[in-house]
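Examination of the molecular architecture
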Amino acid sequence: MTQGSAAAVPGVIPASGAWRTGDPVAGRRFADIGALKLELGGELPAARLAYETWGTPAFDGSGAGPVNAVLVLHALTGDAHVAGPAAPGQPTPGWWEGLVRPGGALNPERWFVVAANVLGGCQGSTGPSSAAPDGSPWGSRFPRVTVGDQVRAEVALSDALGISRWAAVLGGSMGGMRALEWLVAEPARVGGALVLAVGAASSADQIGTQSLQIDAVTSDPGWRGGDYHSAAAGTGPHRGLGLARRIAHLTYRSAFELEERFGRTPQADELPLAASGAGRFAVQSYLDHHGSKLAKRFDAGSYVALTDAMNTWDVGRGRGGVAAALAGVAAPVVVAGIDSDRLYPLSQQAELAALVPSAAGGLRVVASPYGHDGFLLEIDQVSALVREVLELSAG
C-alpha cells in the first residue's frame, strides 16, 4: 500500500483516507479526460475520473451511442460505488444499493448505469490527494473547482465512454447540483433528470454552516497548509475533519429524529451525568462515531475542496440569474425535497419547481423523519421518483 493510504497502518487512522494508486482497485475503472480549464481560473493539466458501471449499453442502430445510459451523481462524501459490498480498496457498501439491482428502479438488466467519483474527490478521481504532474500529491496546490467544472469533467467522461445523451441524470444534495447544471449546461445531452434535496444556489445559511466546517479542518495543526498527505499515519487533520463531519451531520438529520433516538440519555457505558458530574450524552457519542468513521475513509483536502464548490454553487452565475438560467430547461424534470430537511428546506425545491418549465407535476415531497439524509434512506419513495423520471424521459 502507498504511504497515507486508508489501509497503510492497521488500527491507525491514516493521514488521508483517500484511495491512492497502488491500493486495490475494487470495482473502479478510470478515464483520463485530459486538460481541464477551470471556471475560477487555472487549469488541471491532466485530469482523471474514476467510475463504476452496472448493466450493458443498448444501441438503436443510429450510431448515436447507447440509448439506455443513466448517470448517477453522488453527494459530498459519496463516491462512484452506488451499489455493491465494501471490499479491499472500497471502504463502504453502495450508497443507493436498493436502486441498482434486478427489479429495482435502476435495473441493470435494462439500464446501463454509470457513476463517477466527482472531480476533487478522493476515491480515484483527480483531487487534492492524487498525484500532480511532478508525482507528489496536489495538496495545497489543488485549484478551486466549481460544480460547473465537475460537470465539464463528467461531460468529458461521457465522451470517453461514447455516450452522446443520457436517458436521465439523477442526483441528490451535491449530486442534485450537478444534475441541475447538466440540464442547463448540456441540454441536448440530457433526456430527463431527478433533482433532489437541493436548491438553485447556495444560501447564506448553507454557506455559513459549510464555511464553519472548512475552518474546522483548516485550523487543525495536522492540516499543514493542505500538505499532509505524505505525513505518517495518525498525524493528519483528523480532529478537524471529524469536527466538520459532526457539524455537518447535525444538518443532515432532523431535530425530531435526534430527540426521538437520543433525547438527554447519557452514553450507556458512562456513569449517569448527575452522579458523575461528567460523561457524555448518547447523541455526542453518535456524532463522535460519525466523525471518526469519516476520517478513516475520506480525505480532508477533498472535504474542503468539495465543500467550497458547494458554497460557490449558483446555477445562474454568468447566465443572467437563476430564473433566466432555468427558463430554458426543456427536458422533463422531477424536483423533489424532504419534508424534514433543515439543510436544503422545501422552499428551495419549491422555487426550482416553479422556475423550471418542464418540472413534472410540480414539487414532489418525500416524507421522512430523517432530515436531509432522507434522500439516501427513503429508498422506496426515491425509487418511485426515479421510475417516473425514466418513464418521462422515454416518453
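Scroll up for the structure.
To keep things clear, this report deals only with the structure shown in the data block.

A word on the pattern of salt bridges. As enumerated under the stated definition, the model contains 14 salt bridges in all. Between Lys37 and Glu43 there is a salt bridge, with the nearest N and O atoms lying 3.6 Å from each other. Take Glu43: its relative accessible area is 38%, and that puts it in the partly exposed class. With a shortest N-O distance of 2.8 Å, Asp134 and Arg141 are connected by a salt bridge. Judged by relative accessible area, which is 40%, Arg141 ranks as partly exposed. One continuous salt-bridge network, built from bridges that share partners, spans Arg253, Glu257, Arg261 and Asp373.

So, on to the sheet that holds strand β6 (residues 193-196). Through backbone hydrogen bonds, the strands of a sheet pair up, either in parallel or in antiparallel fashion. Ordered by their spatial adjacency, eight strands build an open sheet running β1-β2-β4-β3-β5-β6-β7-β8, and the pairing between neighbours is mixed. Edge positions in the open sheet fall to β1 (29-37) and β8 (364-366), since each of these has one partner strand only. Averaged over all neighbouring strand pairs, the angle between strand axes comes to 25°, with direction disregarded. Across four bridges, the pairing between strand β3 (residues 69-73) and strand β5 (residues 168-172) is parallel.

Burial analysis of β5 places five of its five residues in the buried class, which makes it a mostly covered element. Along β5, one buried face is formed by Ala168, Leu170 and Gly172 and the opposite face, lined by Val169 and Gly171, is buried too. Sheet analysis places β5 next to β6, joined by four bridges and oriented parallel. When the bridges of β6 are listed, Leu170 appears paired with Leu194. For the segment spanning β5, helix α2 (residues 174-185) and β6, crossover handedness is right-handed.

Thresholds applied
- Residues numbered from 1 in each chain as written.
- Predicted model: local features only at pLDDT ≥ 70, side-chain atom pairs only at ≥ 80, totals over all residues.
- Heavy atoms only, no water.
- Salt bridge = Lys/Arg side-chain N within 4 Å of Asp/Glu carboxyl O.
- Buried < 20%, exposed > 50% of the residue type's maximum accessible area, 1.4 Å probe, protein only.
- Pairing = 2+ DSSP bridges.
- Helix = DSSP H or I, 4+ residues; strand = E, 2+ residues; numbered from the N terminus.
- Axes fitted to C-alpha atoms, helices over the stretch in contact; angles between N-to-C directions.
- Right-handed = clockwise from strand over helix to strand, strands pointing away.

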